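Chain residues, written in single-letter form:
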Amino acid sequence: MISRKYEITHLGLLLMGAFIWGTAFVAQSVGAELVGPFTYLAGRSWLAVVVMTPVIMVKDRIVIRKTGISPAPANSAQRKRLLWAGGLCGLVLFAASASQQIGIAYTTTAKSSFITALYVVIVPIFSIPMGRKPERKMWFCILLSLIGLYLLCLTGAEGMNNGDAWTLLCAVLFAVQILCIDRFVTHVDGFRLSRMQFLSTAVFSTIAMVLTETPEIDAVIAAIPSIAYAGIMSSCVGYTLQIVGQTNINPSKAVLAMCMESVFGALSGWVLLGQSLTLREISGCILMFIAIVLSQVSLPFLKKEVRKGSAQS
């Protein structure tokens with residue numbers, strides 16, 4: 001049983017990560033105008049691997065000095081476990097990030113951030129096969145989020161545009177990535193899992209870049225500030241905060257803090273890029289945010305049901 005102080009601290013780390021991710025939507029939007037999605041993803045992922053390496057070295061020295069025990073894998077079985085965990089998490093992160101980067105080229109940062117945040121509603125549903133039965137309110141939250149999605153994205157006769165559809169796929173994949181992290185984070189060192197995840201993502205995105213894109217040197221140079229922010233802050237700092245913050249925290253609680261990236265994303269797009277939403281789209285964002293928050297809070301008249309659900313977790 002974890003302490004309340006421990007839980008608040010780790011939720012605070014997740015909230016910091018959400019702020020970084022939210023502001024990174026601006027960097028991604030700028031980068032999408034300059035280079036292809038796989039070029040952008042490869043650049044930020046390789047940069048994250050490079051930055052994480054000295055961070056791990058310093059962290060290891062601190063841990064060894066305090067405990068006398070190295071957090072590095074001690075045998076081949078532990079190394080294989082780290083390789084498997086990082087490879088799987090990285091594959092899912094690659095698919096999710098690529099979908100998001102493709103989508104953000106055709107939609108606004110606000111719409112992208114709110115659609116992405118639907119993973120908060122999707123995670124409990126995907127947790128059903130793991131024996132974590134969602135409360136009945138989740139079905140109401142799903143209905144509310146679908147109405148919000150309709151108002152936000154289906155604004156004309158053409159229906160949902162390609163950018164919105166790619167971002168919706170991204171939300172589904174990020175839900176899978178969160179559950180993958182929840183599965184492995186207590187079995188391997190969190191910082192090494194983060195680096196291995198980025199290495200896997202970097203390899204997959206580099207292969208995709210070579211096969212489908214021809215990046216121009218001038219465009220890549222122009223995109224360096226955007227790639228640097230996403231690689232260092234969003235990838236390295238943000239996802240490491242996620243992995244450390246999720247340690248021993250119920251994933252349904254973790255995503256409540258992480259979903260705040262939708263608010264930070266909308267605000268940063270408005271302040272930094274001058275992007276705005278129509279009244280209909282704002283109404284959709286509000287409904288989706290209510291659904292996201294409601295899916296994670298305990299309601300007094302559902303306490304009995306919550307206890308039943310907790311017993312199955």
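Report on the accompanying structure. Here the structure is a predicted model, which is why all the values come from computation and not from measurement. (Residues numbered from 1 in each chain as written. Predicted model: local features only at pLDDT ≥ 70, side-chain atom pairs only at ≥ 80, totals over all residues. Heavy atoms only, no water.)

1. Digging into empty space enclosed by the protein
Using the criterion set out here, one finds 2 cavities of 30 Å³ or more in the structure. Here the largest cavity is characterised by a volume of approximately 160 Å³. Here the lining of the largest cavity takes 4 residues from helix H1 (residues 4-32), the largest share from any one element. Residues that form the lining of the largest cavity fall into these classes: 8 nonpolar, 7 polar and 2 charged. (1 Å grid on protein atoms, 1.4 Å probe; cavity = no way out; pocket = protein on both sides within 12 Å on 5 of 7 lines; lining within 4 Å. Points joined across faces, edges and corners; volume = space filled by probe spheres on them. Helix = DSSP H or I, 4+ residues; strand = E, 2+ residues; numbered from the N terminus. Nonpolar A, V, L, I, M, F, W, Y, C, P; charged D, E, K, R; others polar.)

2. Considering the layout of surface pockets
Of the volumes computed, that of the second largest pocket is approximately 200 Å³. If you trace the second largest pocket, you find 13 residues lining it, with Ala110, Ala266, Leu267, Trp270 and Leu277 closest to the centre. For the lining of the second largest pocket, the elements supplying multiple residues, two or more each, are helix H4 (109-116) and helix H12 (261-273). Ranked by residue count, the leading element in the lining of the second largest pocket is H12, at 5 residues. Broken down by class, the residue content of the lining of the second largest pocket amounts to 8 nonpolar, 5 polar and no charged.

3. Regarding a nonpolar patch on the surface
Residues Val30, Leu34, Leu267, Trp270, Val271, Leu272 and Leu273 make up a contiguous nonpolar surface patch of about 660 Å² in total accessible area. Its place among the elements puts Leu267 in helix H12. (Patch = residues over 30% accessible without salt bridge, like charges linked within 9 Å, V, L, I, M, F, W, Y side chains within 5 Å. Areas by Shrake-Rupley, 256 points an atom, 1.4 Å probe, with all protein chains shown as cover. Salt bridge = Lys/Arg side-chain N within 4 Å of Asp/Glu carboxyl O.)

4. Side note on the pattern of salt bridges
Tallied over the full model, the rule gives 4 salt bridges. Here Asp189 ties to Lys59 by a salt bridge, and the two come within 2.4 Å at their closest N and O atoms. With a gap of 130 residues between them, Asp189 in the loop between helix H7 (162-184) and helix H8 (190-212) and Lys59 in helix H2 (residues 37-67) connect regions that are remote in the sequence. A single burial state applies to Asp189 and to Lys59, both of which are buried. Linking Asp164 and Lys111 is a salt bridge whose minimum nitrogen-to-oxygen distance equals 3.3 Å. (Buried < 20%, exposed > 50% of the residue type's maximum accessible area, 1.4 Å probe, protein only.)

5. A word on the nonpolar core
Grouped together as the largest cluster of nonpolar side chains are 35 residues, with contacts concentrated most on Tyr119, Phe174, Phe198 and Met258. Of the residues forming this core, the biggest block, 6 residues, is contributed by H7. In contact with Phe174, other than residues within four places in its own chain, are Leu93, Ala96, Ser97, Gln100, Thr116, Tyr119 and Tyr239. Of all hydrophobic cores here, the second largest spans 11 residues; its members include Leu82, Ile181, Val185 and Val188. (Core = buried A, V, L, I, M, F, W, Y, C linked by side-chain atoms within 4.5 Å. Contact = heavy atoms within 4.5 Å.)

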